[in-house]
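A closer look at the structure
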Amino acid sequence: FSWKFFMSRGQQETEKVGAVLSDAVSEMESTHLRLLGEHSGDLARPYLSDDVRSIYFDEPFRLDDKLKEFVSAARDVTRFKPGSPDCAQALARVDALAGSVILENLDTLVRRYQSEGESRLQYLRRFQAIALAGILGLLLLVAVLIFRPMVETVCQEKTRMHILNSRLENMSVTDELTQT
């Protein structure tokens, strides 16, 4: 979009391309800040492992500084009139920054995030399996220790009630005095 901005002709096209470029730069900056936990709307800071933190802040990557410089350079492109020497210089700076190791560093960062995410997902799946086994074991234990004795008691009471009902039935048809 920065080249489209540079080559745009006419006020309307320049404003349209400039707005798209500005939105893209704002989104990139917002995403970068959100990943670092510096975004004002975030409630919790994201967890950054030592590996990810080293990609952002330590040599040889120092991706945080490079991304901030790239965002600044991209914002500079939209400040100048398309086709002007200042715009061309700002655009050349964006191209130089984008063509450098930023893309490789971003790729390394994404791969690191992905591998960490996959390992956390495996941990959660193991935890889920353990929790499921625990819940099923607890249900089995409840069935054996509570429901089984309860069923036995209900069966005993049912048998006892059946005997009592038989006695009552017998008493209702038999005269106690004559036994007939």
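The shown structure was predicted, so the numbers you read here are calculated from the model rather than taken from an experiment. (Residues numbered from 1 in each chain as written. Predicted model: local features only at pLDDT ≥ 70, side-chain atom pairs only at ≥ 80, totals over all residues. Heavy atoms only, no water.)

1. A look at helix 3 (residues 50–57)
Applied cut-off: A 1.4 Å probe rolled over the protein chains alone gives each residue an accessible area, and that area as a share of the maximum for its type sets the label: buried under 20%, exposed over 50%, partly exposed in between. To qualify as a helix, a DSSP run of H or I must reach at least 4 residues; to qualify as a strand, a run of E must reach at least 2; elements of each kind are numbered from the N terminus. The directions considered for the arc are those from the helix axis to the C-beta atoms.
Looking at helix 3, one finds that the buried residues are V52, I55 and Y56. For helix 3, the angular spread of buried residues about the axis comes to 95°, placing them on one side.

2. Thoughts on the packing of aromatic side chains
For any pair of aromatic rings, the description consists of the separation of the ring centres together with the inter-plane angle of the planes. Under the convention used in this document: What counts as a ring pair is set by centres within 6.5 Å for rings of Phe, Tyr and Trp (its six-membered ring), and what kind of pair is set by the plane angle: stacked under 30 degrees, edge-to-face over 60, tilted for all other angles.
With the rule as written, the count across this model stands at one aromatic pair. Pairing Y56 with F57 gives two aromatic rings, centres 6.0 Å apart and planes at 40°, and the pair type is tilted. Take Y56: its relative accessible area is 1%, and that puts it in the buried class.

3. Comments concerning unusual backbone geometry
The peptide bond linking E59 to P60 adopts the cis configuration, its omega dihedral lying at 5°. Although it is not a glycine, R62 adopts a positive phi angle of roughly 45°. Within the fold, R62 resides in the loop between helix 3 and helix 4 (63–79).

4. Quick look at the side chain of D64
Stated formally: Here, residues are in contact when the closest pair of their heavy atoms is within 4.5 Å.
Its place among the elements puts D64 in helix 4. For D64, the contacting residues outside a window of four places in its chain are H32, L36, Y56 and F57.

5. Topic: the environment of A88
Looking at where A88 falls in the secondary structure, it is placed in helix 5 (residues 85–173). It is 8.0 Å that separates the C-alpha atoms of A88 and V77, two residues lying 11 residues apart in sequence.

6. So, a nonpolar patch on the surface
Put simply, the rule reads: Patch membership needs two things, relative accessible area over 30% and no salt bridge, and members are linked within 9 Å if like-charged or within 5 Å if nonpolar (Val, Leu, Ile, Met, Phe, Trp, Tyr). The Shrake-Rupley method, run with a 1.4 Å probe sphere, supplies the accessible areas, and residue values consider only the shown protein chains as cover. We count a salt bridge whenever a side-chain nitrogen from Lys or Arg sits within 4 Å of a carboxyl oxygen from Asp or Glu.
Residues L138, L140, L141, V144, L145, I146, F147, M150 and V154 make up a contiguous nonpolar surface patch of roughly 880 Å² in combined accessible area. As for its placement among the helices and strands, F147 is situated in helix 5. Assessed through its relative accessible area of 44%, F147 is described here as partly exposed.

7. Things to note about the confidence of the model for the protein chain
Condition: Confidence scores labelled pLDDT are given residue by residue by the predictor and lie between 0 and 100.
Of all residues in the protein chain, 86% attain a pLDDT of 70 or more, and the chain-wide mean is 82. Summarising per-element confidence for the protein chain, the mean pLDDT is lowest in helix 1 (residues 2–7) (52) and highest in helix 5 (90).

8. Things to note about the nonpolar core
Operational definition: For the purposes of this section, nonpolar cores are sets of buried Ala, Val, Leu, Ile, Met, Phe, Trp, Tyr and Cys residues that join through side-chain atoms within 4.5 Å.
Ranked by internal contacts, the top residues of the largest apolar core, which has 21 residues, are Y56, L63, V77, V94 and L109. At the level of elements, helix 2 (11–36), helix 3, helix 4 and helix 5 are the ones that each hand at least two residues to this core.

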